[in-house]
Amino acid sequence: MMPAHETYDVIVIGAGAGGMTAAAVAAAEGLRVLVIEKTAFVGGTTAWSGGMVWIPGNSKMKETGLSDSVTDAVQYLSSTVPEPANAGLRAAFLARGPEAVAWLEANTAVRLQPVKACPDYYPERLGATSGGRVLEPVAFDGTRLGKAFARLRPPLPEFTRFGGMMVNPLDIPHFRRAGKSLRSTLRAAWLVSAYALQRLRSPRGTTLHLGNALAARLYASLLARQVEILFSADVEDLSMQGDRVAGVVIRHGSRDRLIAARRGVVLATGGFSHDASLRKRFFPPAAGFVSATSTAGTGDGLRLAATAGAALNTEATSPAYWVPASLFRRADGSRGVFPHMVTDRAKPGVIAVNAAGRRFVNEALSYHEFVLAMLRDGNGKPDRPFHLICDRQFLWSYGLGRIKPFTRNVRRYVASGELIEAPDIERLAASIGVKPTALAATVANYNVDAKDGRDPEFGRGSTTYQRHLGDIGHKPNPCVAPILRAPFFAMRIHPADLGTAIGMRVDAQARVLREDGTPVAGLYACGNDMGSIMNGNYPGPGIMLGPALTFGYVAGRHLAEGRVIREMAKEQA
């Protein structure tokens, strides 16, 4: 299938959150928009994500009685993103983020709600909040997409239940208490029944949550404006008229075709997480090659922009946003990557150990900080093994990796090597290549204070963020419990990325810049194609999607400015 027209006002390359936002805004402003997506689905990594959107000072906070201010946000960012680089972009983000949310809700199908109890990742810093800066997408009924539902990238199967049922995080406790609480039992039964009815007419559940709901809402916005989307298409090159980007060259079969863009091209291809050469160039050797992102992110946007003279923003403390991940094989033979974000590390009764069998980090820190500790350990040597260690009580209560709580039979995980089991700590150590005496001493030393809910070595459970991720019902410390009950288990974890932080230099209008700071006319970038405004730091949940939506919105509005000005001139005439 080829585009219906030879010329469009705007061409957006990439159908993730940033790209779809830019397309939805430009279309709502009356522009003819073409979206070019290299895969068969919209949604990108957003469709797999938690869908959190970090927007300080958003109006939703005030509506729910929470307070925030630009002053507080600036103060918080000054300590969590201390580098002066990109300060102007952060200021633009703080100024226009709330505006973007309000505009999207007024003009598209995007609906967001504040997460009242979701602390910033460094709650002890001045200007931090305990919740509200983070917005999450309101649940979405996938049947509203009609036949186009098949084009929405499904969530990772490891984050669904019963073969395709998405669950609101607020409902997870009900499943844990099913059979123990009448209210929870009824709630779980109703959810499962609703899912069963959905499966009668759909290959997966149609009640969408998290990032899948956000991607669906953006997709619905494009469909409502009749935005054309070209799937499974590769952009070969940018078309230039002098020093201005005037369109793209796409490959169709064995032929190339030029498609013109009157006003501009937006690059939103998802960064370069899956490009080996760029990873080798920018990532530390200890990072290896594990990514929790969509495989479509192979640096297409960066290479296209380079042909137009664009500059890279390499002023990043970290080249990527990090998460520890475990690896496994799915039934179909594909490799699975499970990001250990919030489900297990901070719960009471698990520790992380390095190749020497020693703890090296506060396990309840943010996933980004956790991996930074992995990368520092052992002077950054590649292929250095790390493991999570727990006992049978922990595995039953909280699960581990993709193994869900209350899993009665874990034999298949053990047989595949994903989960390592042993009757005592010494034999567990031998199974993971660690000195038995070293791991035994680590667990014993941890247990001495863990029995009383203390962790003098790393202070686990010492902040509101850490306690938020723990088990609130476990006393006295929701993050600390001893490891006592055989059998014992280990799971190997690897440094993995959630997205790249190095990308194109842009200005406050999302225009791509040259080395001399001048904009490349007609070229914009957002999402992970745009260099990190946080310089690779991770202040809170949703700091990739927050800027992606904001600068996607900024790009769409700026592309439409010329049309608005011309229409005003006609009216005045």
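Quick notes on the rules
- Residues numbered from 1 in each chain as written.
- Predicted model: local features only at pLDDT ≥ 70, side-chain atom pairs only at ≥ 80, totals over all residues.
- Heavy atoms only, no water.
- Helix = DSSP H or I, 4+ residues; strand = E, 2+ residues; numbered from the N terminus.
- Rg over C-alpha atoms; globule rule 2.2 N^0.38 Å.
- Buried < 20%, exposed > 50% of the residue type's maximum accessible area, 1.4 Å probe, protein only.
- Contact = heavy atoms within 4.5 Å.
- Salt bridge = Lys/Arg side-chain N within 4 Å of Asp/Glu carboxyl O.
- Pairing = 2+ DSSP bridges.
- Expected span 1.5 Å × (residues − 1).
- 1 Å grid on protein atoms, 1.4 Å probe; cavity = no way out; pocket = protein on both sides within 12 Å on 5 of 7 lines; lining within 4 Å.
- Points joined across faces, edges and corners; volume = space filled by probe spheres on them.
- Nonpolar A, V, L, I, M, F, W, Y, C, P; charged D, E, K, R; others polar.

**Focus: the overall build of the protein chain**
Within the protein chain one finds 16 helices and 21 strands. A compact globule built from 573 residues should have a C-alpha radius of gyration of about 25 Å, and the protein chain, at 24 Å, falls within 12% of that. Judged by the C-alpha coordinates and their principal axes, the protein chain covers about 80 × 55 × 55 Å. With 573 residues in all, the protein chain has 58% of them scored as buried. Long-range pairs, those at least 24 residues apart, make up 73% of the contacts in the protein chain between residues at least 6 apart in sequence.

**Concerning the pattern of salt bridges**
Note that side chains of opposite charge can pair when their charged atoms are close. According to the stated counting rule, one finds 25 salt bridges in the structure shown. Across the pair Arg 460 and Glu 363 runs a salt bridge, and its minimum N-O distance is 2.9 Å. Highlighted residues: Arg 460 in the loop between α14 (436-450) and α15 (464-469) and Glu 363 in the loop between β15 (350-353) and α10 (367-376), separated in sequence by 97 residues. Relative accessible area serves as the criterion here: at 2%, Arg 460 is assigned to the buried category.

**Regarding the sheet that holds strand β5 (residues 134-137)**
As summarised here, the arrangement of the 3 strands in space is β3-β5-β4, forming an open sheet in which the pairing is antiparallel. Edge positions in the sheet fall to β3 (53-54) and β4 (112-114), since each has one partner strand and no second. Here β4 runs beside β5; their pairing, made up of 3 bridges, is antiparallel. Following the sheet pairing, Pro 114 is matched in β5 by Leu 135.

**A look at helix α1 (residues 17-28)**
The end-to-end C-alpha distance of α1, which contains 12 residues, comes to 16 Å, matching closely the 16 Å that a straight helix rising 1.5 Å per residue would cover. In terms of burial, α1 is largely enclosed, as 11 of its 12 residues are buried. What α1 keeps buried is the set Ala 17, Gly 18, Gly 19, Met 20, Thr 21, Ala 22, Ala 23, Ala 24, Val 25, Ala 26 and Ala 27.

**Examining empty space enclosed by the protein**
A complete count under the given rule lists 1 cavity of 30 Å³ or more for this structure. A volume near 130 Å³ is recorded for the largest cavity. Taken together, 14 residues make up the lining of the largest cavity; nearest its centre are Gly 527, Asn 528, Met 530, Ser 532 and Pro 547. Looking at the lining of the largest cavity residue by residue, the class counts come to 9 nonpolar, 5 polar and no charged.

From the geometry alone we can't say anything about function, so treat these as descriptive.
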